[in-house]
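# Observations on the three-dimensional arrangement
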Amino acid sequence: MVRNNHFTENRETLDKLFRSENKADGGIPLADTIDNMRFWARVENVLIVISDMAEGKSHIIAGGFARNLDIGEYQHENSIWESKILSLMSPEEQEEKYIAELRFFHFLRHLPKSKKRDYFLISKLRFRFADGNIHDVLHRMYYIYDENGEELRFAICIYGPLPFDFKGKCFAVNSLTGIKEELTASGNDSILSRRERQILAMIDTGMKSAEIAVQLNISIHTVSRHRQEIVGKLQVKNTHEACRLAKSIGLLE
């Protein structure tokens, strides 16, 4: 159960994180990517969204699965978010999707550059179809990096039927070994360290930096550094927003 419905803020946070990973076009042609995804959509009958991180735009490729959804001739959007598709999910489902993607982003952040390409995200979502009923949908997401594995060039989201059920909500999957790791609150150390979560919890109670420094027996400069790290990692404007976001993704109770 999602305790706080802040998916709009989470989407803005992810937008900042994804776009900050891209400084240029990375030398990967968009046209080639679109052609490849059209072939993929035709083979698997899936709905594919290509989010261009350099341009901040999305390209929607409707395979046969799109006929289940009431999206019409939806082909482009001036955002990295496929809002017309996401609107078919409840706000709670949207919130959980963003939480999964935030955790996946930070999961990859701790991997060597050479390993990032080996992983993709799978999530089980629930959509309202054109028939008016709620159905399970399998969502897969792949990050396409530049040739050096440094800049995030495209995010590829693939929507299709759920061929079989599985326990859990979302997983990081190694495409070479098939080993999957569930992305739950237990993996939150990959987003904020234990000390950062401890300090954020104190901030949430209203404690000032000087009080936190005394309580933890550290310098006020160390507290300030942790505050800056927290704001930077969560890509928010201040610690108030950090507390709100951290609660919504389970970093704080």
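Residues numbered from 1 in each chain as written. Predicted model: local features only at pLDDT ≥ 70, side-chain atom pairs only at ≥ 80, totals over all residues. Heavy atoms only, no water.

Glancing now at the side chain of Glu-196. Within the element layout of this structure, Glu-196 appears in helix α6 (residues 194–204). Here Glu-196 falls in the buried class, since its relative accessible area comes to 4%. (Helix = DSSP H or I, 4+ residues; strand = E, 2+ residues; numbered from the N terminus. Buried < 20%, exposed > 50% of the residue type's maximum accessible area, 1.4 Å probe, protein only.)

For the pair α6 and helix α8 (residues 220–234), the least separation of the axes is 10 Å and the interaxial angle reads 95 degrees. With respect to α8, the axis of α6 lies roughly perpendicular. When α6 is examined against α8, the residues Arg-195, Glu-196, Ile-199, Leu-200 and Ile-203 are found in contact with a partner set consisting of His-226, Arg-227, Glu-229, Ile-230 and Lys-233. Considering only residue class, the contact of α6 with α8 consists of 4 nonpolar, 1 polar and 5 charged. (Axes fitted to C-alpha atoms, helices over the stretch in contact; angles between N-to-C directions. Parallel < 35°, antiparallel > 145°, perpendicular 65-115°, else oblique. Contact = heavy atoms within 4.5 Å. Nonpolar A, V, L, I, M, F, W, Y, C, P; charged D, E, K, R; others polar.)

All right, on to the packing of aromatic side chains then. For the structure on display, the rule yields 10 aromatic pairs. Where Phe-104 meets Phe-107, the ring centres are 6.5 Å apart and the plane angle is 15 degrees; that geometry is what we call stacked. Here Phe-107 and Phe-104 lie together in helix α4 (residues 91–109), a separation of 3 residues that amounts to about one turn. In this structure Phe-104 comes out as buried when scored by relative accessible area, which is 0%. When its relative accessible area of 12% is taken as the criterion, Phe-107 is described as buried. What links up through ring pairs into an aromatic cluster is the set Phe-104, Phe-107, Tyr-119, Tyr-143 and Tyr-145. Its end group placed over the ring of Phe-166, Lys-124 keeps NZ or CZ at 5.1 Å from the ring centre. Directly above the ring of Phe-171 sits Lys-180, whose terminal nitrogen or CZ lies 5.5 Å from the centroid. (Phe/Tyr/Trp six-rings, centres within 6.5 Å; stacked < 30°, edge-to-face > 60°. Lys NZ or Arg CZ within 6 Å of the ring centre and 35° of its normal.)

Our next topic: the pattern of salt bridges. This structure, assessed with the given rule, holds 8 salt bridges. The shortest N-O distance in the salt bridge between Arg-38 and Asp-35 comes to 3.8 Å. One end of the pair is Arg-38 and the other is Asp-35, both in helix α2 (residues 30–44) and 3 residues apart, which spans about a single turn. Residue classification places Arg-38 among the partly exposed residues on the basis of a relative accessible area of 46%. A residue is classified by how much of its surface remains accessible, and Asp-35, at 45% relative accessible area, is partly exposed. Asp-136 is the salt-bridge partner of Arg-126, the closest N and O atoms lying 2.7 Å from each other. Taken together, the positions of Arg-126 in strand β4 (residues 119–128) and Asp-136 in strand β5 (residues 134–145) put the pair 10 residues apart, joining distant regions of the chain. By relative accessible area, Arg-126 is classed as partly exposed at 38%. The exposure class assigned to Asp-136 is partly exposed, which follows from its relative accessible area of 31%. (Salt bridge = Lys/Arg side-chain N within 4 Å of Asp/Glu carboxyl O.)

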